[in-house]
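Structure assessment
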Amino acid sequence: MLNRLDTFMVKAHSYGIKLLISIHSYNTLEGAKDFYGKWYGTGDFYTDSNAIKYFKERIAHVLAHVNPANGKTWSQSSEYIFAFEAQNEAMHNQV
């Protein structure tokens, strides 16, 4: 069964479009909209060893996700994905 993003990926591919996968957004830190923001905020997320460990695990999980449409992990799905970015607008409010 395809999840929403896998389905979107297949649809985009049918139009010749590859996706940029952003694994996280700074805005969720700033607004404490996910557990990283609630637990670490905008400052500690980038320096706390636990936050870094959890985020590395998240990246590994995303890259290992198998797209049922092609049977490949996302890290092997270059026909659907042209790039990954660890975080959208990383540290844009930081000095």
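First things first, this report covers the structure right here in the doc. Quick caveat, the model's predicted, so the values are computed rather than measured.

A word on the nonpolar core
Core analysis: the largest hydrophobic core is formed by 16 residues, its most contacted members being Met9, Ile21, Tyr36, Phe45, Trp74 and Ile81. Put simply, the parts of the chain that give this core at least two residues each are α1 (4-14), β1 (19-22), α2 (26-30), α3 (35-44) and α4 (49-64). At three residues, the largest contribution of residues to this core is made by α4. In contact with methionine 9, other than residues within four places in its own chain, are Leu19, Ile21, Asn67, Trp74, Tyr80 and Ile81.

Remarks on the packing of aromatic side chains
On inspection of all chains with the given rule, the structure shows nine aromatic pairs. Relative to phenylalanine 55, the ring of tyrosine 36 lies with its centre 5.8 Å away and its plane at 80 degrees, an arrangement referred to as edge-to-face. Of the two residues, tyrosine 36 is situated in helix α3 and phenylalanine 55 in helix α4; the sequence distance between them amounts to 19 residues. The pair tyrosine 36 / phenylalanine 55 is uniform in exposure class, with both members buried. One aromatic cluster in this structure is built from Phe35, Tyr36, Trp39, Tyr40, Phe45, Tyr46, Tyr54 and Phe55.

What to know about the packing of α3 against α4
Running from N to C, α3 and α4 cross one another at 120 degrees; their axes reach a closest spacing of 10 Å. Taken together, the axes of α3 and α4 are oblique relative to one another. Crossing hand, α3 versus α4: left-handed. Residue-level inspection shows Phe35, Tyr36, Trp39, Tyr40 and Asp44 of α3 in contact with α4, the latter providing Asn50, Ala51, Tyr54, Phe55 and Arg58. For the contact of α3 with α4, the per-class residue count stands at seven nonpolar, one polar and two charged.

Structural notes on α3
Because an α-helix completes one turn every 3.6 residues, residues spaced three or four positions apart along the sequence face the same direction. Residues of α3 that are buried include every one of Tyr36, Gly37, Tyr40 and Gly41, and no others. At its buried positions, α3 is contacted by α2 and α4. At the N-terminal end of α3, a side-chain oxygen is found 3.2 Å from the backbone nitrogen of tyrosine 36, two or three residues along, and the residue is aspartate 34.

Conventions adopted
- Residue positions are given per chain, counted from 1 along the sequence in the order it is written.
- Given that this is a predicted model, residues contribute local features only at a pLDDT of at least 70 and side-chain atom pairs are listed and counted only at 80 or more, while totals for whole chains, interfaces and linings are drawn from all residues.
- Side-chain numbers come from the whole structure's heavy atoms, not from hydrogens or water.
- For our purposes a nonpolar core is just a set of buried Ala, Val, Leu, Ile, Met, Phe, Trp, Tyr and Cys residues, chained together by side-chain atoms within 4.5 Å.
- Categorising residues by exposure relies on relative accessible area from a 1.4 Å probe, with only protein chains included: less than 20% of the type maximum marks a residue as buried, more than 50% marks it as exposed, and the intermediate range marks it as partly exposed.
- The way it works is that DSSP assigns letters per residue, a run of H or I at least four long becomes a helix, a run of E at least two long becomes a strand, and they are numbered from the N terminus.
- Note on definitions: a residue-residue contact is assigned when non-hydrogen atoms from the two residues lie within 4.5 Å.
- Two rings from Phe, Tyr or Trp (for Trp, the six-membered ring) form a pair when their centres are within 6.5 Å of each other. A pair whose planes differ by under 30 degrees is stacked, one over 60 is edge-to-face, and the rest are tilted.
- As a rule, the C-alpha atoms of each element are fitted with a line to give its axis, helices using only the stretch in contact, and angles between N-to-C directions run from 0 to 180 degrees.
- Every angle not falling under 35 degrees, over 145, or within 65 to 115 is termed oblique; those three ranges are roughly parallel, roughly antiparallel and roughly perpendicular.
- Left-handed describes a crossing in which the near helix is turned anticlockwise from the far one by less than a right angle; the clockwise case is right-handed.
- Classification convention: Asp, Glu, Lys, Arg as charged; Ala, Val, Leu, Ile, Met, Phe, Trp, Tyr, Cys, Pro as nonpolar; all other residues, Gly among them, as polar.
- Polar contacts here mean pairs of N or O atoms no more than 3.5 Å apart (in protein, one a potential hydrogen donor and the other a potential acceptor; neighbouring residues in sequence count only if both atoms are side-chain atoms).

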